[in-house]
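Read off the chains here:
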Amino acid sequence: MSPTIIDNFINNEFVKPTEGAYFDTFNPAHGVPHAQIPDSTKPDVDLAYKAASAAFPSWSKTSKAERSRILYKIADLIDERQDEFVRAESKDQGKPISLAKTVDIPRAAHNFRFFAGRISHSVEEAGELEGVGFSYTQRMPIGVAGLISPWNLPLYLLTWKIAPCIACGNTAICKPSEFTSLTAYLLCSVLKEAGLPAGVVNMVFGTGMKAGQALVEHPRIPLISFTGGTVTGAKIIANSAPHFKKLSLELGGKNANIVFADCDFEKALTTSLRSSFANQGEICLCGSRIFVERPIYEKFLRGLVDGAKKLKVGDPSAPDTDLGALVSKEHWEKVRSYIDLGVKEGGKVECGGEKPASLQGEFQNGYFLEPTIISGLTPSCRVMREEIFGPVVTIYAFDTEEEVVQIANDSEYGLSCSIWTENGRRARRVAGDIQAGTVWVNTWMARDLRMPFGGMKKSGLGREGGDHSLDFYTELKTICLAD
Ligand code: NAD
């Protein structure tokens, strides 16, 4: 099959990149190119900026009811075309089709519905200033936003930015990951069909170094919402600093999964399997550092290893596949190198570690890796400290609550944490002491979009979700009226 050719989407039209260059992106399950995307550069970002800034005056004055109506329509159209989105996401990213169908694409539609409702129902502050008059707050849309997203949950995370951004009356230039641009490309025609005016959302495809950086350095783009790696996040802070941009940064993680001996064992075990290996471990919220209280350590380790060995790795489009392919060859090599490092650091590979021998036919060149569990490492080892972002977890026995809280917090990251215990007091105590933006007790990856989401330390800056997204995508103004 000839590769899909993707074009930029500017002013509601598909346009070729100004310099005419494209590059290949790969189907990770086959290891062959399957799409070509524009290698966009600064002139493309300038064109998108022209469209987005021209659309801003009218869109920012469009009534909330009308904006909301269009957002609901976008959600409905994603639902109508769900199969097409699901197949594209799975093929482009390597994720199991079941995950794209139950998580990625439904959540993309939900993002639009959630913010369509949220803007219609928000109330601002007002108060009487005795003897003077009264004050009230008003939210102003800010202007043209730069929205930069990663490859692991492509449409899910991109729409998590687009929906609140345009719901609040801003216009957007999006830069999806160069590894996974297909569903963003499909979204363009949905936006147009839903009646979104030209220029409100523009898509500029390409690399971070060229298109992404041009967006961050553009002097007239006042806000950047970025999800991606911590090293890239640091570059974005530095490159945007001269322009005093408003930044929201959702970055990497090395999340602790803490299992106390008084937990619901079966629930902790089955959810830990998921939190270790869902999406091939390529979810920023995966619990890659597992800490188990010593009395149940051996039993938990055996259960986890048995469970991991039963997971089916292979064809992402098969309905019963548990782990698909890692996103790229480079990423596969990086993840694989951490397994070697783990052994060098004194660890024992309890299971996995290799490309599955059972792969046949076109899948033999795919970027597959068995779910891997490494024991015997100490918390100072690099494998227990650095983000691997693949199907590789470490497991470690602890003796006391104080010890495990100290080790869990001894990390430069602070994105999320799971705690497994049936003791309510302990759950509240440990949740209160853990340095992470989200703490789950006896669950994992349960997301309430009304709640703030973000990371502490090098896992991010700022919060999005609910009113926190409205705070980010608007300027809050106080107006004082005298009597
Ligand atoms: P990445 O940082 O390499 O790339 C993310 C995006 O930034 C891509 O679109 C890329 O093209 C762009 N980019 C790269 N360099 C840039 C630059 N100099 N200027 C502007 N844009 C640039 O991240 P990735 O490899 O795509 O994603 C994996 C990372 O994302 C992991 O670290 C993971 O933990 C993190 N992540 C975090 C969250 C969260 O919510 N905290 C969610 C998902 C993924």
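On a predicted model such as this, the values are computed, not experimentally measured, just so you know.

## Digging into the pattern of salt bridges
Now for step 1: Enumeration according to the criterion identifies 29 salt bridges in this entry.
Now for step 2: Across the pair Arg139 and Glu124 runs a salt bridge, and its minimum N-O distance is 3.1 Å. Residue Arg139 is found in strand S7 (residues 133–141), and its partner Glu124 is found in the loop between helix H4 (97–121) and strand S6 (126–129); the two are separated by 15 residues along the sequence.
Now for step 3: A salt bridge links Arg450 to Asp448; the shortest N-O distance between them is 2.8 Å.
Now for step 4: Look at Arg450 and you get exposed, because its relative accessible area is 51%.
Now for step 5: Salt bridges linked by common partners bring Asp262, Glu401, Arg426 and Arg429 together as one network.

## Observations concerning the side chain of Ser177
Now for step 1: Within the fold, Ser177 resides in the loop between strand S9 (171–175) and helix H6 (182–193).
Now for step 2: On the basis of relative accessible area, Ser177 is assigned to the buried category, the value being 4%.
Now for step 3: When residues no more than four places from it in sequence are discounted, the contact partners of Ser177 are Ser149, Pro150 and Trp151.

## Describing the UniProt feature "active site" (unreviewed entry) in the chain
Now for step 1: Those residues carrying the UniProt feature "active site" (unreviewed entry) are Glu250 in this numbering.
Now for step 2: Along the polypeptide, Glu250 turns up in strand S12 (residues 246–250).

## What to know about the layout of surface pockets
Now for step 1: Approximately 1,100 Å³ is the volume attributed to the largest pocket.
Now for step 2: Taken together, 48 residues form the lining of the largest pocket, with Trp151, Phe226, Gly228, Gly229 and Thr232 sitting closest to its centre.
Now for step 3: At six residues, the largest contribution of residues to the lining of the largest pocket is made by helix H8 (residues 230–240).
Now for step 4: Each residue belonging to the lining of the largest pocket can be placed in one class, and the counts come to 22 nonpolar, 16 polar and ten charged.
Now for step 5: Taken as a whole, the second largest pocket holds about 430 Å³ of empty space.
Now for step 6: When residues of the lining of the second largest pocket are traced back to their parent elements, those giving at least two are H4 and helix H9 (265–277).
Now for step 7: Counting residues per element, the lining of the second largest pocket draws most heavily on H4, which supplies six residues.
Now for step 8: The residue makeup of the lining of the second largest pocket, split by class, is 13 nonpolar, six polar and four charged.

## Comments concerning the site of the ligand
Now for step 1: Near the ligand, the surroundings consist of 31 residues, among which Lys175, Glu178, Thr232, Leu251 and Glu387 are the closest.
Now for step 2: Interatomic distance of 2.5 Å between a side-chain N/O atom of Glu178 and an oxygen atom of the ligand.
Now for step 3: Measuring from an oxygen atom of the ligand, one finds a side-chain N or O atom of Glu250 at 3.3 Å.
Now for step 4: Judged by the fraction of its atoms near the pocket grid, the ligand is located in the largest pocket.
Now for step 5: Going through the elements one at a time, helix H7 (208–217), strand S11 (223–227) and H8 are the ones with two or more residues in the shell around the ligand.

## Digging into the packing of aromatic side chains
Now for step 1: Taken as a whole and judged by the stated rule, the model has twelve aromatic pairs.
Now for step 2: Ring geometry for Phe472 against Tyr473: centres 4.8 Å apart, planes inclined by 80°, an arrangement best described as edge-to-face.
Now for step 3: What makes Tyr473 buried here is its relative accessible area of 0%.
Now for step 4: In textbook terms, an aromatic cluster arises when at least three aromatic residues are bridged by ring pairs, as seen for Phe9, Phe14, Tyr185 and Phe205.
Now for step 5: Sitting above the plane of the Trp160 ring, Arg107 keeps its charged end 4.9 Å from the centroid.
Now for step 6: The ring of Phe265 carries the charged tip of Lys299 above its face, separated from the ring centre by 4.2 Å.

## Examining unusual backbone geometry
Now for step 1: In the Ramachandran plot, Gln280 falls in the positive-phi region, its phi being about 60° despite a non-glycine side chain.
Now for step 2: Counting through the fold element by element, Gln280 comes out in the loop between H9 and strand S14 (289–293).
Now for step 3: Exposure remark for Gln280: the relative accessible area of 0% places this residue in the buried category.

## Side note on the sheet that holds S6
Now for step 1: If you trace the three strands from one edge of the open sheet to the other, you get S6-S7-S23, paired in antiparallel fashion. Only two strands of the sheet have a single neighbouring strand rather than two, namely S6 and strand S23 (474–482). Taking the axes of each pair of neighbouring strands and ignoring which way they run, one obtains an average angle of 25° across the sheet.
Now for step 2: Bridge count for S7 against S23 is nine bridges, and the pairing is antiparallel. Of the residues in S23, the one forming a bridge with Tyr136 is Ile479.
Now for step 3: Across the sheet, helix H14 (residues 466–473) is in contact with S7 and S23; its angle to S23 comes to roughly 85°.

Parameters at a glance
- Residues numbered from 1 in each chain as written.
- Predicted model: local features only at pLDDT ≥ 70, side-chain atom pairs only at ≥ 80, totals over all residues.
- Heavy atoms only, no water.
- Salt bridge = Lys/Arg side-chain N within 4 Å of Asp/Glu carboxyl O.
- Helix = DSSP H or I, 4+ residues; strand = E, 2+ residues; numbered from the N terminus.
- Buried < 20%, exposed > 50% of the residue type's maximum accessible area, 1.4 Å probe, protein only.
- Contact = heavy atoms within 4.5 Å.
- UniProt positions renumbered as here; feature names shortened; annotations may be inferred.
- 1 Å grid on protein atoms, 1.4 Å probe; cavity = no way out; pocket = protein on both sides within 12 Å on 5 of 7 lines; lining within 4 Å.
- Points joined across faces, edges and corners; volume = space filled by probe spheres on them.
- Nonpolar A, V, L, I, M, F, W, Y, C, P; charged D, E, K, R; others polar.
- Near = heavy atom within 4 Å.
- Polar contact = N/O pair within 3.5 Å; in protein donor to acceptor, adjacent residues only side chain to side chain.
- Sits in = over half its atoms within 2 Å of the grid points.
- Phe/Tyr/Trp six-rings, centres within 6.5 Å; stacked < 30°, edge-to-face > 60°.
- Lys NZ or Arg CZ within 6 Å of the ring centre and 35° of its normal.
- Pairing = 2+ DSSP bridges.
- Axes fitted to C-alpha atoms, helices over the stretch in contact; angles between N-to-C directions.

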